[in-house]
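Residue-level structural notes
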Amino acid sequence: MFRHRGLVSVPWTTAVCILFCAVDLNESTIIVHSEDQCAIVGETIRFKCSTTNPGNDAIEWRHSDVSGSEMKLVYSLGVLDKSFERYNVSVNAETGSYNLIINNVMSEDAGTFRCNEKDSSTEYKDARLIVKEKLLRS
């Protein structure tokens with residue numbers, strides 16, 4: 001906190017949190033989410049998602065390929081769909097963190113990933129994944 005001529009000024013990060021981190025304790029809200037990412041085939045990436053309701057196992061992860069097909073359920077109620085064998089969800093129930101980790105990224109992973117509150121059509125955050133092939137050196 002800074003003072004100048006009787007005015008109180010707070011660091012911009014605090015101001016941003018004041019503006020964007022308002023929480024309604026009666027409802028879960030997704031408060032941390034990932035930005036769009038670009039990965040090279042073979043890398044490991046992480047999409048972040050946190051909710052205001054720690055301990056609530058109501059976060060789902062979904063994926064739609066680059067064609068925009070329907071969102072396939074990747075993770076729900078603590079269960080990871082077996083068809084996403086290179087994926088993992090790192091859960092911290094104390095903080096409400098449900099981070100999606102994709103190991104050995106492949107081109108078919110490209111598309112949109114959605115972190116959403118289970119049974120909510122309005123409480124979700126999307127992030128896109130762009131996957132690039134490795135450059136071969138000759």
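Just so we're clear, the structure is a prediction, and the values are computed from it rather than from any experiment.

Among the seven residues that make up strand β12 (residues 111–117), six are buried, leaving the element largely enclosed by the rest of the structure. Pairing analysis gives six bridges linking strand β7 (residues 59–64) to β12, with the strands arranged antiparallel. Bridging across to β12, I59 finds its partner in E117. Strand direction decides the pairing type here: β12 and strand β13 (residues 124–132), joined by six bridges, are antiparallel. In the sheet register, G111 faces β13, and the bridge partner there is L129. Taking the residues that link successive antiparallel strands as the turn, the β12-β13 hairpin has six residues, and the phi of D119 there is positive, at about 65°.

Core analysis: the biggest nonpolar cluster contains 22 residues, and F47, W61, L100, I102, F113 and L129 have the highest contact counts within it. Mapped by element, the contributors of at least two residues to this core are β5 (45–47), β7, β8 (72–76), β10 (87–92), β11 (97–102), β12 and β13.

Here T112 is to be found in strand β12. Linking T112 and S69, residues 43 residues apart in sequence, is a C-alpha distance of 9.8 Å. Once you skip the residues sitting within four places of it in the chain, T112 turns out to touch R62, H63, S64, M71, D126, A127 and R128.

A word on the sheet that holds strand β9 (residues 79–80). On the basis of which strands lie adjacent, the open sheet formed by six strands has the order β4-β13-β12-β7-β8-β9 and mixed pairing. A strand with exactly one partner marks an edge of an open sheet, and here the two such strands are β4 (37–40) and β9. Across two bridges, the pairing between β8 and β9 is antiparallel. Residue S76 lies in a different strand from β9, and its bridge partner there is V79.

Taken residue by residue, the protein chain gives an average pLDDT of 80. The fraction at 70 or more is 78%. In the predicted structure, residues 1–5 sits below a pLDDT of 50 and forms nine contacts with residues beyond four places in sequence or in another chain. Across residues 7–26 the pLDDT falls below 50, and counting only partners more than four positions away or on other chains, this stretch makes 13 contacts in the model.

All told, the structure shown has one disulfide when counted by the stated rule. Two residues share a disulfide in this structure: C49 and C115, whose sulfurs sit 1.6 Å from each other. A residue pair is termed long-range when its members are at least 10 positions apart, and C49 in strand β6 (residues 49–51) and C115 in strand β12 qualify at 66 residues.

Here we take up the pairing of β13. Successive side chains on a regular strand alternate, one facing one side of the sheet and the next facing the other. The pairing of β4 with β13 spans four bridges and is classified as parallel. If you follow C38 over to β13, its bridge partner there is I130.

Moving on, we come to the pattern of salt bridges. Scanning the model with the defined rule gives four salt bridges in all. Note that E60 is salt-bridged to R62, the shortest N-O span being 3.0 Å. Its relative accessible area of 4% is what places E60 among the buried residues. By relative accessible area, R62 is classed as partly exposed at 22%.

The rules behind these values
Here the residue numbering is sequential within each chain, running from 1 through the sequence in written order. Selection of residues for local features in this predicted model requires a pLDDT of at least 70, selection of side-chain atom pairs for listing and counting requires 80 or more, and totals for whole chains, interfaces and linings are taken over all residues. In computing side-chain properties, one takes all heavy atoms of the structure into account and sets aside hydrogens as well as water. For the exposure calls, accessible area comes from a 1.4 Å probe over protein chains only, and a residue counts as buried if that area is under 20% of its type's maximum, exposed if over 50%, partly exposed in between. Counting from the N terminus, the helices are DSSP H or I runs at least four residues long and the strands are E runs at least two residues long. Two strands form a pair only when DSSP identifies at least two bridges running between them. In this text, buried Ala, Val, Leu, Ile, Met, Phe, Trp, Tyr and Cys residues form a nonpolar core when linked through side-chain atoms within 4.5 Å. When checking whether two residues touch, look at their non-hydrogen atoms; a contact exists if any pair is within 4.5 Å. Note on scores: pLDDT gives the predictor's confidence for each residue, bounded by 0 and 100. The disulfide definition used here is simple: a pair of cysteine sulfur atoms within 2.5 Å. By convention in these notes, a salt bridge is any Lys or Arg side-chain nitrogen within 4 Å of a carboxyl oxygen on Asp or Glu.

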